[in-house]
Amino acid sequence: MRSSFFRILVLALLIACLGVMSIYSSTYQKEGALWQDIYKRQILWLAIGLICFLLMSQFNYRRLWDMNYLLYALAVFFLFLVFVLGIIRLGAQRWLRFAWFNFQPSEFAKLAVIIFLARYFSRKSAEDISLLSGKFGIFKGIILPFIFVSVPMFLIIEQPDLGSGLMLLLVFVSLLYLTDVRLKYIFTLMALLVLPVPFFWHFLRDYQKQRLLVFMNPNIDPLGAGYTVIQSRIAIGSGGFFGKGWLSGTQSQLYFLPESHTDFIFATFSEQWGFLGSVLLLLMYYLIVRQGFIIAQRTQDSFGRLLAYGISLLFALQVFINIAMNMGLAPVVGLPLPLMSYGGSSVLITFIALGILVNIDRRRSVF
Amino acid sequence: MSFMERKNIFNILVILLFGVLCAGLVNLELLQGRKFRRLSDSNCIRLIEQAGARGNILDRNGQVIVDNMISYDVLVLPQELSRIDHVLGEVSRILDVDAGSLKAAFKNNFFSSSIPVTIASNIDLSKAILLGEYKIEEPSIIVQPRPLRHYPYGPLACHVIGYVNQIDRWRLTKLEDYGYKTKDIVGFGGVEERYDYYLRQEEGGLSVEVNHRGKFTRVLGFEPPKNGKDIKLTMELGLQKIAEEALSGRKGSVVLMDPVSGEVLAMANYPNFDPSVFVNKRARSISALFNNPDAPLINRAISSSYPPASVFKLVVASAALELKKINASTTVICKGWTMVGKRKFSCWDVHGRQDIIEAIAHSCDIFFYKAGLLLGGQNIHDYALKFGFGKATGFELPYETSGFIPSPLWRSLNKFQGWFDGDTANLSIGQGDCLVTPLQITVMTAAFANGGYLPDPHIVKAVGELDLTARKKRSLRLPFKKSTFELVRRGMRSVVSAPKGTGSALSSLPVKVAGKTGTAQVSRGATHAWFAGFFPYEKPKYVICVFLENGGPGHAATLVARRIIEEMNKQGAI
């Protein structure tokens, strides 16, 4: 259907425009050409993203089925490169430096893992064309895919980027739930994941522990780890019903709010546009997710269905966790807000993912 | 089948997640929005205060008694802390003060990098100009004029004016609701305290926006400071000077009042103080003032009470005439003493046969013992109250005392003792427990001067543009016979005009004065001296009360009065 193409395109572009406006509002007063131009770079990324979206909407998603091992291998390779470079440079980092931009492989890895899992669980038996996943035992149904997920997950958490790593895990569990894999296996896996959480505490880095403690009570460290959350809550709350108006947000424009153009862009937006603007923004995000679910439900192809669900869930979870973290409802993990936060990789991958989504809907009639 | 159920759960889950986000928004932006708005404002809005000037205090002709002098404070804006040492060094060179003291002041007063820090205060104009030139080079320096209380006449009329100082706790708890803050400068005593609300300036200031480093970004608003309202007194500067000079270092008080309107023209007290010590914060001089046993901060004219002695005889005479216990032809023979009960009461002299006019003129005690005993203690008390004794006059200045007039009823209720004729005799000559303030005596004297009206004494003519004269209480008509006042007036005139009158020292003056002297015996020290009178006799323009604490006989007060009247005459005030 063409309608889903236009709906998703219009919604995504609307949100992206609001994102550019928010990035501009929080950086235009900063000194230095880099800051002055940052919104232009975002526009450029959006333009590239748009081209990718149009391309992907024409590109038959079934060919991703064939490419899935390649994509998976590429993602792991990039993540490994980041890992090795991090060791060589003796410093944590999350991106690879290319000619004139930084590429964040974890964004790419999220999409690659979803494609990989969608294919894995939608293989059909050669005899009766039924889904294999219904007959999977615990090894094939849970353990093997978990190993495939945990390799990139480990590399991402090691970067360190706990947020993106756990995002992979969440998407994996959600997708598992959508397949025909027996529920008792899924619950076994979840129990196995949840039980050792207190044990994992010791593996967390100091700043990650700090962030979790601060999430419980931001006031234990108001000038350190708690500062961002406190300022972000002030920014959102001070917006009131109508907001302070574009370019009039004191919290973000006078730099009380750190990361006001990346992870905390929602606070920047909400301060200026108020409750009204924020609820409309949430509605737009919800409509995209809903469109994704509708596409997933009406496609006949099980690969396309899982892929659409995976993309929609990834999108929804990122939006939720980012905004919840802005409001102090979730611990601070470094997750961007899709379509709004400044960052080329995130914009590009999100548009590609949405393009795939649109393409799934377009191919519906073929199968 | 199972797939359909499972996917529905995701629909619900996503709606739930977005619902949680919406609830979070409602909580932050709608329910707690006001709180966060305030927090956001306090993040980025700073106030820089600018002081206005306290209202001036003027005399009745608009001459300045108290005004403000501009003093200069030096402040630095510590935005770039690295340069502070250099800047302080330069400032210390220009001001010719030790750089260490500037650094110490900077450290003590530093609050935030966006708020200017006071490093030196009260510098003189020439240095302020020099610093102003340096400011072109170093814009973080601010030379701020600050008005300070200035007393061009030093201690003149200090008790009427009062002084200013930092607000104390007791006043703060009382005045917080009226917008007073800690460290506010408020008035203590006198007009400064009573009319502080009108005199006090309204602070103005800049509200500026700062960023997360406290660096100034832009000016949000400017509210010019408002000066306080001027207070115009009924006091006349020339007369006040004459009165203070005449008192010349003797402990006591002089009140000069218009007998008809009740406007106080001069109110002098000694010992006095220099209010500027509170402005300059000279700690030793201030503590010396508070520890001085002579209580220089007390306004003796209204805040302390003394036995009125013979001046009180005017009350007894009026009461006796009103109640027809005596009349113009009643005479008493003064042998120098008389027996009241079993006690011998003596007069200060032997006067022979005395009628009422002679008795007032010679201040004969025997005549008034007799008159008092005819009246009885309660009657004397009642008439004293009619003349305004025993209660505050309602004068504007704070800390007025009411004085005290004893009565048989009071004695039995409070002391569980009887009232004897001896007490009546004592009260008749204004001794015993009887206590009055110089202002009360002035008001009483005014009633004889103006023919029977008790004026409402006041010293403030106008507050700002508002003329208070019309708002004053009308003079109270005393319901006495005209002949009563006439007789007592004649008696008061002969105090001065009779050759042996106690106030005959005033007879040589070119203006006809009438009055009454008093010599109050006190348990310790020399007697208090009183003179209460009015002049010119026919058409009184002034009522005067001179009181000297432990100043000797009434004659001493009469001499002070003579100096004042002479001087007033010389300056053509009469």
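Residues numbered from 1 in each chain as written. Chains lettered and ligands numbered in written order. Predicted model: local features only at pLDDT ≥ 70, side-chain atom pairs only at ≥ 80, totals over all residues.

A.B. asks: Help me understand the interface of chain B and chain A, please; the structure alone is not making it clear to me.
C.D. replies: One widely used convention gives an interface's size as the accessible area the parts lose upon coming together. Between chain B and chain A, the contact holds 26 residues from the first and 30 residues from the second. Residue assignment for the side of chain B that touches chain A shows that the elements contributing at least two residues are α1 (2-31) and α2 (33-44) of chain B. No other element matches α1(B), which puts 13 residues into the side of chain B that touches chain A. Along the lines of polarity and charge, the residues of the side of chain B that touches chain A split into 11 nonpolar, 9 polar and 6 charged. (Contact = placed C-beta atoms within 7 Å. Helix = DSSP H or I, 4+ residues; strand = E, 2+ residues; numbered from the N terminus. Nonpolar A, V, L, I, M, F, W, Y, C, P; charged D, E, K, R; others polar.)

A.B. asks: Sorry, what's going on with helix α21 (residues 482-497) of chain B here?
C.D. replies: Each turn of an α-helix holds 3.6 residues, which means side chains three or four residues apart point in the same direction. Residues and elements named next belong to chain B. The end-to-end C-alpha distance of α21 is 22 Å, a good match for the 22 Å that 16 residues give at a rise of 1.5 Å each. What α21 keeps buried is the set Leu 487, Val 488, Arg 489, Gly 491, Met 492, Arg 493, Ser 494, Val 495 and Val 496. Taken together, the buried residues of α21 touch α14 (313-322), α15 (356-362), α20 (438-449), β21 (514-520) and β22 (528-535). (Expected span 1.5 Å × (residues − 1). Buried ≥ 20, exposed ≤ 12 C-beta atoms within 10 Å, placed from the backbone.)

A.B. asks: I tried to follow the sheet that holds strand β8 (residues 204-210) of chain B on my own but got confused; where do I start?
C.D. replies: The strands making up a sheet associate through backbone hydrogen bonding, with each pair oriented either parallel or antiparallel. All names here are of chain B. One open sheet holds the 3 strands; their spatial order is β1-β8-β9, and the pairing between them is antiparallel. Each edge of the open sheet carries a strand with a single partner, namely β1 (45-50) and β9 (216-223). Between one strand axis and the next, the sheet turns by 25° as a mean value, whatever way the strands run. Pairing of β1 with β8, which is carried by 6 bridges, proceeds in the antiparallel orientation. Note that in β8 the partner of Ile 45 across the bridge is Glu 209. (Pairing = 2+ DSSP bridges. Axes fitted to C-alpha atoms, helices over the stretch in contact; angles between N-to-C directions.)

A.B. asks: Explanation requested: the pairing of strand β15 (residues 343-346) of chain B in the structure shown.
C.D. replies: Remember that side chains alternate between the two faces of the sheet whenever the strand is regular. All names here are of chain B. In the sheet, strand β14 (residues 337-340) pairs with β15 via 4 bridges, with the strands oriented antiparallel. Bridged to Thr 338 within β15 is Phe 345. Where β14 folds back on β15, the antiparallel hairpin that results is connected by 2 residues, among which Gly 341 adopts a positive phi of roughly 60°.

A.B. asks: I keep staring at unusual backbone geometry and nothing clicks. Help me out?
C.D. replies: Trans peptide bonds make up the majority, and among non-glycine residues the majority have a negative phi. All names here are of chain B. Note the cis peptide between Tyr 270 and Pro 271, where omega equals 0°. Inspection of the secondary structure assignment puts Pro 271 in the loop between β12 (264-270) and α11 (276-280). Cis geometry is found at the peptide bond from Phe 535 to Pro 536, where omega equals -15°. Tracing the backbone through its elements, the reader meets Pro 536 in the loop between β22 and β23 (542-548).

A.B. asks: Looking at this structure, I do not really get the sheet that holds β22(B). What am I missing?
C.D. replies: Residue and element names in this part refer to chain B. If you trace the 5 strands from one edge of the open sheet to the other, you get β12-β11-β23-β22-β21, paired in antiparallel fashion. Single-partner strands in this sheet number two, and they are β12 and β21. Here the average twist between neighbouring strands, direction ignored, is 5°. Of the strands in this sheet, β11 (252-257), β22 and β23 touch α20, which is tilted by about 145° from β23.

A.B. asks: How should the nonpolar core be read in this particular structure?
C.D. replies: Taken as a class, soluble globular proteins show a tendency for nonpolar side chains to be buried jointly. Ranked by internal contacts, the top residues of the largest apolar core, which has 118 residues, are Ala243(B), Val254(B), Leu256(B), Val316(B), Val546(B), Ala557(B) and Ile564(B). Per element, the largest residue contribution to this core is 8 residues, and it comes from α20(B). No fewer than three residues from each of domain 2 (47-161 + 201-231) and domain 3 (237-283 + 298-570) of chain B sit in this core. Membership of the second largest hydrophobic core comes to 111 residues, among which are Ala235(A), Ile236(A), Phe264(A) and Ile321(A). (Core = buried A, V, L, I, M, F, W, Y, C linked by C-beta atoms within 7 Å. Domains from an automatic or database assignment.)

A.B. asks: Quick question: what am I supposed to make of the packing of helix α5 (residues 105-121) of chain A against helix α15 (residues 344-362) of chain A here?
C.D. replies: Between two packed helices, what matters for the description is the angle formed by their axes and the separation of those axes. Residues and elements named next belong to chain A. Direction vectors running N to C along α5 and α15 enclose 20°, while the axes themselves pass 8 Å from each other. With respect to each other, α5 and α15 are oriented roughly parallel. The way α5 lies across α15 gives a crossing that is right-handed. Here Glu 107, Phe 108 and Leu 111 of α5 lie close against α15, whose contacting residues are Ser 345, Ser 346, Ile 349, Ile 352 and Ala 353. The residue makeup of the contact of α5 with α15, split by class, is 5 nonpolar, 2 polar and 1 charged. (Parallel < 35°, antiparallel > 145°, perpendicular 65-115°, else oblique. Left-handed = near helix turned anticlockwise from the far one by under 90°.)

A.B. asks: I'm lost on the environment of Pro438(B) in this one. Help?
C.D. replies: Residue and element names in this part refer to chain B. Looking at where Pro 438 falls in the secondary structure, it is placed in helix α20. On the basis of neighbour count, Pro 438 is assigned to the buried category, with 27 C-beta atoms found within 10 Å. Among residues more than four places away in sequence, those in contact with Pro 438 are Ser 253, Val 255, Arg 300, Ala 301, Cys 545 and Phe 547.

A.B. asks: For this particular structure, what's the right way to read the environment of Ile302(B)?
C.D. replies: Residues and elements named next belong to chain B. Here Ile 302 lies in helix α13 (residues 300-303). Judged by the 30 C-beta atoms lying within 10 Å of it, Ile 302 falls in the buried class. Each C-alpha atom, one on Ile 302 and one on Gly 403, is 9.3 Å from the other, the two residues being 101 residues apart in sequence. Other than its neighbours up to four places away in sequence, Ile 302 contacts Phe 395, Leu 397, Glu 400, Thr 401, Thr 437 and Leu 439.

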